[in-house]
Amino acid sequence: MTHPPVRRFKDFRWDDTSLLAYRQEAGVPFKDVTRQILFEAPDLLGELRYFEVAAQGFSSLERHDHRHAVVILRGHGRCLVGDSVYDVGPLDLVDIPPMTWHQFKASQGEPLGFLCLVNVERDKAQLPSETDLAEMRGNPVIDGFLG
Ligand code: MN
């Protein structure tokens, strides 16, 4: 642990915690997302991150073997989890099972911020192929969400 036991919170930033770009890989579609790693705890096998999607922004549409446990902290938006789309707001819990397509979109006018718990050791996210996308768009609910 390189930081003090208590790191203060103000305006959705934490002391001694870097504001990072969402992801480094080129060509991954997303819009206006930042990331803060709050706890990197290999002894707990977990990592807790805070993501913030700017108003009208979105996270990448992806799936992977690892699970996500998400707690919305601020704002409102919608999320795709598998075949369903949900409205989400502060303190809602979102459980994203392994190998399930998922994406978060912020509403107009306010950022959507959420905590996300993952395994420290985790597989890389898969992005949908053209075939996957066509299949997803066959579901009107998902098609409407993807826009
Ligand atoms: Mn994910």
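Use the structure listed above.
The following refers to the structure shown. (Residues numbered from 1 in each chain as written. Predicted model: local features only at pLDDT ≥ 70, side-chain atom pairs only at ≥ 80, totals over all residues. Heavy atoms only, no water.)

**Thoughts on the overall build of the chain**
- The helix and strand inventory of the chain stands at two helices and eleven strands.
- Helices and strands appear in the chain in the N-to-C order β-β-β-β-β-β-β-β-β-β-β-α-α.
- By the compact-globule yardstick of 15 Å for 147 residues, the chain fits well, its C-alpha radius of gyration being 15 Å.
- By principal-axis analysis of the C-alpha atoms, the chain measures approximately 50 × 35 × 30 Å. (Helix = DSSP H or I, 4+ residues; strand = E, 2+ residues; numbered from the N terminus. Rg over C-alpha atoms; globule rule 2.2 N^0.38 Å.)

**What about unusual backbone geometry?**
- For F12, which is not a glycine, the phi torsion comes out positive at approximately 65°.
- As for its position among the elements, F12 is in the loop between β1 (9-10) and β2 (13-14).
- Although it is not a glycine, D16 sits at a positive phi angle of roughly 55°.
- Relative to the assigned elements, D16 resides in the loop between β2 and β3 (20-21).

**Focus on the coordination of the manganese ion**
- Distances from the manganese ion to its protein donors, E62 (OE), H64 (NE2), H68 (NE2) and H102 (NE2), fall at 1.9 to 2.3 Å.
- Taken in sequence order, the residues that donate to the manganese ion follow the motif E-x1-H-x3-H-x33-H. With H64 in the loop between β5 (46-58) and β6 (68-74) and H102 in strand β10 (residues 102-106), the pair connects residues that are 38 residues apart, well separated along the chain.
- Owing to a relative accessible area of 3%, H102 belongs among the buried residues under this scheme. (Donors = N, O, S within 2.8 Å, 3.2 Å for Na, K, Ca; no water. Buried < 20%, exposed > 50% of the residue type's maximum accessible area, 1.4 Å probe, protein only.)

**Focus: the layout of surface pockets**
- For the second largest pocket, the calculated volume is near 330 Å³.
- Along the walls of the second largest pocket sit 14 residues, with T2, H3, R7, L38 and E40 positioned nearest its centre. (1 Å grid on protein atoms, 1.4 Å probe; cavity = no way out; pocket = protein on both sides within 12 Å on 5 of 7 lines; lining within 4 Å. Points joined across faces, edges and corners; volume = space filled by probe spheres on them.)

**Describing the pattern of salt bridges**
- For the structure on display, the rule yields six salt bridges.
- A salt bridge links R67 to D95; the nearest nitrogen and oxygen atoms lie 2.6 Å apart. Note that R67 is positioned in the loop between β5 and β6 and D95 in strand β9 (residues 93-96), a separation of 28 residues in sequence.
- What makes D95 partly exposed here is its relative accessible area of 42%. (Salt bridge = Lys/Arg side-chain N within 4 Å of Asp/Glu carboxyl O.)

Coordinates in, geometry out; function isn't part of it.
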